[in-house]
Protein chains: 2
Amino acid sequence: MTKIVLDVFGGDNAPKATVEGAVRALEKAKDLQLVLVGDKEKTLEELAAFSYDEKRVEFVDAKEVITNDDSPTEAIRVKRDSSIVRAMDYLNEHDEAAAFVSSGATGAVLTAAVLLLPRIQGINRPALAPILPTVKGGHVCLIDCGANVSPRALNLVQFAKMGSEYMKVQHGTDSPRVALLSNGTEDKKGSELGKEAFPMLKAEDGINFVGNMEARELLSGDYDVVVADGFSGNVCLKSAEGTAVGLFELIKQNIMAGGLRAKLGYLLLKPALKNVKKIMDYNDNGGALLIGLKKIVVKGHGASKAHSVCAEILQAKTLAESGLLEKIEGSFRK
Amino acid sequence: MTKIVLDVFGGDNAPKATVEGAVRALEKAKDLQLVLVGDKEKTLEELAAFSYDEKRVEFVDAKEVITNDDSPTEAIRVKRDSSIVRAMDYLNEHDEAAAFVSSGATGAVLTAAVLLLPRIQGINRPALAPILPTVKGGHVCLIDCGANVSPRALNLVQFAKMGSEYMKVQHGTDSPRVALLSNGTEDKKGSELGKEAFPMLKAEDGINFVGNMEARELLSGDYDVVVADGFSGNVCLKSAEGTAVGLFELIKQNIMAGGLRAKLGYLLLKPALKNVKKIMDYNDNGGALLIGLKKIVVKGHGASKAHSVCAEILQAKTLAESGLLEKIEGSFRK
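Residues numbered from 1 in each chain as written. Chains lettered and ligands numbered in written order. Predicted model: local features only at pLDDT ≥ 70, side-chain atom pairs only at ≥ 80, totals over all residues. Heavy atoms only, no water.

Trainee: Just give me the short version of the overall build of chain A, but keep the residues and values in it.
Mentor: Along its length, chain A carries 11 helices and 12 strands. Taken against the 2.2 N^0.38 rule, which gives 20 Å for 334 residues, the C-alpha radius of gyration of chain A at 21 Å falls within 12% of a compact globule. Overall, chain A is about 65 × 55 × 35 Å in size when its C-alpha atoms are taken along their principal axes. Looking at chain A residue by residue over its 334 residues, the buried ones come to 57%. (Helix = DSSP H or I, 4+ residues; strand = E, 2+ residues; numbered from the N terminus. Rg over C-alpha atoms; globule rule 2.2 N^0.38 Å. Buried < 20%, exposed > 50% of the residue type's maximum accessible area, 1.4 Å probe, protein only.)

This is the structure:
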């Protein structure tokens, strides 16, 4: 049995999507136990529509919700009865609770986890790491993309190590190629931080550092782990997301304006385009992992629907069972 | 007559593409004078294939070429007979030479222009500003995207002012909406630099500052000028470029794998997809402007072909004639 703690009141579509996602996950994984955190009454109301294995579900009541409008640090201090803070309490009090899944306000989830959960020894700053699809059909881990706006060079080296272990476990990548996000491919390129981190990454044993890269190559499939400070990592990720969404929007506009011919063409091309959309849809690629803590923390997209919530729960379960955290711990003991 | 200085030996396709682009521009604009800088013999060889108005062409011989492999600062000092350095000399010696166009090594063009050309009074750091298409059919200016890896908050305010004047002149945008590139939309979000610049941008008269934005919104059409430090601006631009290229690649792969049906669909959709590609093709959207100097400097894409070089020359001419530099100068005198 693996026990996962779910923030029922996190995300734009909560609690409907989170409850339905939870039920689906319970159906799919018979050795899954869920702790549903949030207003118990409302959660039970949503659950009434489904039949599920009640023995594998526990409830933690929490009347408050932290939203995107709250200041994260302030909210965690003041909203002690919020689903996020109650979830942290539960994780800290129950060793067997292995993971936390939330599609709630990113700032609050990150801040609460970083401040309230214990860190893996040797890691100064946990990092947020989504895994993205590449055009070659593989995957790339972007670490960090938001947990540390102003990290130090030392932190980037730790990100490289954590990202490498993550890709080994999640995608079986042998000796993951690690690149440093920069404004050019030459060794001397980069921000002040990047220039400081470059020789440290090069000197670090146990990672396969291949040098600087440009943001243009993020999805190229030429790299397995892309290391960045949380600010430019966030910019890189969001710019890619926005461009993908914008391009599909433009294609739609041009099909609409292209008359019968274009519409017929679209009907024929629909499966191919849908496939591309599915590949690029970050919702279908699981949540971003906050790595560096003694619990698995999966941050789902704010817009997560039931199937994404289900996928995120199962992702957290797989990662908890994979021994990822022990492997990271081991790599920092060497 | 407007006189433009062209780096004939800048870019992957030089001198063939640059010479052909120059000839096309001379044909299109009868009041254009060109100064062709670079190996004169080779330039004349390329020109031999065309008929052109010889009275409107001048040559500056330069035997060396600065490449992407050179260290920019070093190359400018050592390669005194390079096309880029000779072009700077010419611009400084000839008041009537209004603009410089190059598709050469970005670092070298930026460094040479910033170090060797006089700045507009009141501007501490020039910035590189491409104009991108938005999904709403409009345009957005991203400033800076590479000239200043570590600017100060004061520089960002200057970028905002220069970008606003640029959008007014280039696209007639009335009161351009200026946003600060950040990792969230809330006022308190951002890097240390961004947090310092935010209140300064808010307090600045003469610009229409609308707040923080996420990289996701770059192409949304909701903003006219996006202000960034050169590092994250570069990441934002390159990530968008790479995603657009990657998406078209994925669509192609899926069409190929989709059998006859998909191929037929593609044939019918081709005009619509081509149109999208054209909108997104940065090559067709002119070069990036280096703003802040007393001369117009247009940096074309390294892969520029003849039609892009022609477009960049005409863009430089239009900007030189527009009084943009005088307007920027005026906005800094207030």
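Trainee: A description of the interface of chain B and chain A should follow, citing residues and the corresponding values.
Mentor: Chain B puts 52 residues into the contact, and the matching count from chain A is 52 residues. Carbon and sulfur atoms make up 68% of the area that chain B and chain A hide from each other, which totals about 4600 Å². For the interface between chain B and chain A, the tally reads 4 salt bridges. Between K238 of chain A and E214 of chain B there is a salt bridge, with the nearest N and O atoms lying 2.5 Å from each other. The interface formed by chain B and chain A holds 18 residue pairs in polar contact (both at pLDDT 80 or more) in total. Contributing elements (two or more residues each) for the side of chain B that touches chain A: β8 (177-182), α8 (230-257) and α9 (259-280) of chain B. The dominant element in the side of chain B that touches chain A, judged by the number of residues it contributes, is α8 of chain B, at 20 residues. Looking at the side of chain B that touches chain A residue by residue, the classes come out as 27 nonpolar, 17 polar and 8 charged. (Contact = heavy atoms within 4.5 Å. Buried area = accessible area lost by both parts, 1.4 Å probe. Salt bridge = Lys/Arg side-chain N within 4 Å of Asp/Glu carboxyl O. Polar contact = N/O pair within 3.5 Å; in protein donor to acceptor, adjacent residues only side chain to side chain. Nonpolar A, V, L, I, M, F, W, Y, C, P; charged D, E, K, R; others polar.)

Trainee: Describe the sheet that holds strand β12 (residues 296-299) of chain A, listing the residues and the values that go with them.
Mentor: Residue and element names in this part refer to chain A. Spatially, the 7 strands line up as an open sheet ordered β3-β2-β1-β4-β12-β11-β5, and their pairing is mixed. Because the sheet does not close on itself, it has two edges, and the strands there are β3 (57-60) and β5 (127-129). For this sheet, the mean angle separating the axes of adjacent strands, direction not counted, is 25°. Summarising the sheet, strand β11 (residues 288-291) and β12 pair through 3 bridges and their orientation is antiparallel. (Pairing = 2+ DSSP bridges. Axes fitted to C-alpha atoms, helices over the stretch in contact; angles between N-to-C directions.)

Trainee: Please set out the sheet that holds strand β4 (residues 97-102) of chain B residue by residue, giving values where relevant.
Mentor: All names here are of chain B. Spatial ordering of the open sheet is given by β3-β2-β1-β4-β12-β11-β5, a layout of 7 strands whose pairing is mixed. With one partner strand each, in any of the chains shown, β3 (57-60) and β5 (127-129) form the two edges of the open sheet. Geometrically, the sheet is characterised by an average inter-axis angle of 25° between neighbouring strands, direction not taken into account. Packing of helix α1 (residues 16-28) onto the sheet brings it into contact with β1 (2-7), β2 (32-37) and β3, and relative to β2 it is tilted by some 165°.

Trainee: Describe the side chain of N234 of chain B, naming the residues involved and giving the relevant values.
Mentor: For N234 of chain B, the location among the structural elements is in helix α8. Judged by its relative accessible area of 7%, N234 of chain B is buried. A polar atom in the side chain of N234 of chain B sits 3.2 Å from the backbone oxygen of C145 of chain B. Those residues in contact with N234 of chain B that sit more than four places away from it in its chain are S182 and N183 of chain A together with C145 of chain B.

Trainee: Any details on the confidence of the model for chain A? Residues and values, ideally.
Mentor: When pLDDT is averaged across chain A, the result is 94; 98% of the residues are at 70 or more. Across the interfaces of the predicted complex, the ipTM metric reaches 0.92, alongside a pTM of 0.93. (pLDDT = per-residue confidence, 0-100.)

Trainee: Would you mind going over the relation of the copies chain B and chain A in detail, with residue names and values included?
Mentor: By a simple turn and slide, chain B fits onto chain A: the slide is 0.0 Å along the axis, the RMSD is 0.0 Å, and the turn is 180°. Considering both components of the superposition, the chain copies are consistent with a two-fold axis. Minimal C-alpha distance to the rotation axis in chain B is attained by G265 of chain B, lying at 2.0 Å. Both copies contact each other with a shared surface, as 100% of the interface residues of chain B are interface residues in chain A too. (Least-squares fit on C-alpha atoms with pLDDT ≥ 70 in both.)

Trainee: For the pairing of strand β12 (residues 296-299) of chain B, give the residues involved together with the corresponding values.
Mentor: Residue and element names in this part refer to chain B. Burial of the side chains of β12 extends over both faces: I296 and V298 are buried on one face and V297 and K299 on the other. Pairing analysis gives 4 bridges linking β4 to β12, with the strands arranged parallel. What sits directly across from S102, in β12, is K299. Taking the residues between adjacent antiparallel strands as the criterion, strand β11 (residues 288-291) and β12 are bridged by 4 residues, where G292 takes a positive phi near 130°.

Trainee: Explain helix α10 (residues 306-322) of chain B to me, using residue names and the numbers behind them.
Mentor: Residue and element names in this part refer to chain B. Its 17 residues place the ends of α10 24 Å apart at the C-alpha level, agreeing with the 24 Å of an ideal helix rising 1.5 Å per residue. Turning to α10, its buried residues number three or more, namely A306, S308, V309, C310, E312, I313, Q315, A316, K317 and L319. Just past α10, the residue G323 takes up positive phi, approximately 80°. (Expected span 1.5 Å × (residues − 1).)

Trainee: Tell me about the packing of aromatic side chains, and name the residues and values.
Mentor: By the definition in use, this model includes 2 aromatic pairs over all chains. With a centroid separation of 5.3 Å and 75° between ring planes, the pair formed by F198 of chain A and F209 of chain A is classed as edge-to-face. Taken as a pair, F198 of chain A in helix α7 (residues 192-203) and F209 of chain A in strand β9 (residues 208-214) lie far apart in primary sequence, 11 residues in all. The exposure classification of F198 of chain A matches that of F209 of chain A, with both residues buried. Positioned above the aromatic ring of F332 of chain B, the side-chain terminus of K161 of chain B is 4.2 Å from the ring centre. Lying across the ring of F248 of chain B, K277 of chain B places its NZ or CZ 5.3 Å from the centre. (Phe/Tyr/Trp six-rings, centres within 6.5 Å; stacked < 30°, edge-to-face > 60°. Lys NZ or Arg CZ within 6 Å of the ring centre and 35° of its normal.)

Trainee: Pulling in residues and values, what's your account of the nonpolar core?
Mentor: By size, the foremost hydrophobic cluster in this structure holds 118 residues, and its most contacted members are V5 of chain A together with V5 of chain B. Filtering out sequence-adjacent residues up to four positions away, V5 of chain A remains in contact with V35, V37, A87, Y90, L91, A97, A99, F100 and V101 of chain A. (Core = buried A, V, L, I, M, F, W, Y, C linked by side-chain atoms within 4.5 Å.)

Trainee: So what's going on with the pattern of salt bridges? Residues and values would help.
Mentor: Side chains that carry opposite charge are capable of pairing whenever their charged atoms lie near each other. Per the counting criterion, the structure on display carries 40 salt bridges over all chains. Between D222 of chain A and K136 of chain A there is a salt bridge, with the nearest N and O atoms lying 2.7 Å from each other. Taken together, the residues span a long stretch of sequence, with D222 of chain A in the loop between β9 and β10 (225-227) and K136 of chain A in the loop between β6 (131-133) and β7 (139-143) at a distance of 86 residues. A salt bridge links E58 of chain B to K3 of chain B; the shortest N-O distance between them is 3.0 Å. Taken together, the positions of E58 of chain B in strand β3 and K3 of chain B in strand β1 put the pair 55 residues apart, joining distant regions of the chain.

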